[in-house]
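# Tertiary structure, described
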Amino acid sequence: MASSQASLLLQKQLKDLCKHPVDGFSAGLVDEKNIFEWNVTIIGPPDTLYEGGFFNAIMSFPQNYPNSPPSVRFTSDMWHPNVYSDGRVCISILHPPGEDPSGYELASERWTPVHTVESIMLSIISMLSGPNDESPANVEAAKEWREKRDEFKKKVSRCVRKSQEMM
């Protein structure tokens, strides 16, 4: 039952995004037979280090969506404090609902069922515009962001160039 409700909601969100595209990203299914796995492309936000890039990711939805958050993993190279080395995105709204066991995030900052694909993607675009280096997924990138900004910029520039070549 939950799976069919999730499927219907995801079909609606995909249809809405196709009818009314949102600046900054595009989305579609990895496989037309599986509504629970989406390909997304995020366009590097203007006036950021990621400007001009086209970053691909996979968004995987659980069967009980929207009660639980999807996961998002970049398949393009990404150098960012809030992206694990394997590409997984680490932002508050993608963390399970409820209290944070480590006490860092407020419950209100974590996943709630009111989030949509659009709100998730806009949060990721915002993350690219302003990294949170206080709670990094990639400690090395966070350290570079804080202490060796020129090195950080060079690595991001390589990611942007590579993403352009892949288009």
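Computed from a predicted structure; not experimentally measured.

For the rest of this paragraph, the subject is the side chain of serine 7. Along the chain, serine 7 falls in helix 1 (residues 2-19). Setting aside anything within four residues of it in sequence, one finds serine 7 in contact with Ile35 and Phe36.

Under the 1.5 Å per step criterion, the end-to-end length of helix 4 (residues 149-165) is 24 Å for 17 residues, consistent within 8% with the ideal 24 Å. Turning to helix 4, its buried residues are Phe152, Lys155, Val156, Cys159, Val160 and Ser163. Down the axis, helix 4 shows its buried residues gathered within 140° of arc, on one side only. Exposed residues pointing more than 90 degrees away from the buried face of helix 4 are listed as Asp150 and Glu165. The elements touched by buried residues of helix 4 are strand 3 (54-60) and helix 3 (139-147).

Moving on: the layout of surface pockets. Roughly 350 Å³ of internal volume is contained in the largest pocket. For the lining of the largest pocket, a count of residues per class yields six nonpolar, nine polar and three charged. A volume near 220 Å³ is recorded for the second largest pocket. Counting residues per element, the lining of the second largest pocket draws most heavily on strand 4 (residues 71-74), which supplies three residues.

Bringing the UniProt feature "active site" (unreviewed entry) in the protein into the picture now. Sites flagged by UniProt as "active site" (unreviewed entry) map to Cys90. When you line up the elements, cysteine 90 lands in the loop between strand 4 and helix 2 (117-129). Overall, cysteine 90 belongs to the buried group, its relative accessible area being 14%. Apart from the residues lying within four places of it in its own chain, the contact partners of cysteine 90 are Asn82, Tyr84, His95 and Ala137.

Taken as a whole and judged by the stated rule, the model has five aromatic pairs. Arranged with centres 5.2 Å apart and planes meeting at 70°, the rings of tryptophan 145 and phenylalanine 152 form a pair that is edge-to-face. Judged on exposure class, the residue tryptophan 145 and its partner phenylalanine 152 are both buried. Pairwise contacts between aromatic rings join Trp38, Phe61, Tyr65 and Trp111 into one cluster. Directly above the ring of tyrosine 84 sits arginine 88, whose terminal nitrogen or CZ lies 4.2 Å from the centroid. In this structure, arginine 149 packs its charged tip against the face of tryptophan 145, placed 3.6 Å from the ring centre.

Definitions and cut-offs
- Residues numbered from 1 in each chain as written.
- Predicted model: local features only at pLDDT ≥ 70, side-chain atom pairs only at ≥ 80, totals over all residues.
- Heavy atoms only, no water.
- Helix = DSSP H or I, 4+ residues; strand = E, 2+ residues; numbered from the N terminus.
- Contact = heavy atoms within 4.5 Å.
- Expected span 1.5 Å × (residues − 1).
- Buried < 20%, exposed > 50% of the residue type's maximum accessible area, 1.4 Å probe, protein only.
- Arc of directions from axis to C-beta.
- 1 Å grid on protein atoms, 1.4 Å probe; cavity = no way out; pocket = protein on both sides within 12 Å on 5 of 7 lines; lining within 4 Å.
- Points joined across faces, edges and corners; volume = space filled by probe spheres on them.
- Nonpolar A, V, L, I, M, F, W, Y, C, P; charged D, E, K, R; others polar.
- UniProt positions renumbered as here; feature names shortened; annotations may be inferred.
- Phe/Tyr/Trp six-rings, centres within 6.5 Å; stacked < 30°, edge-to-face > 60°.
- Lys NZ or Arg CZ within 6 Å of the ring centre and 35° of its normal.

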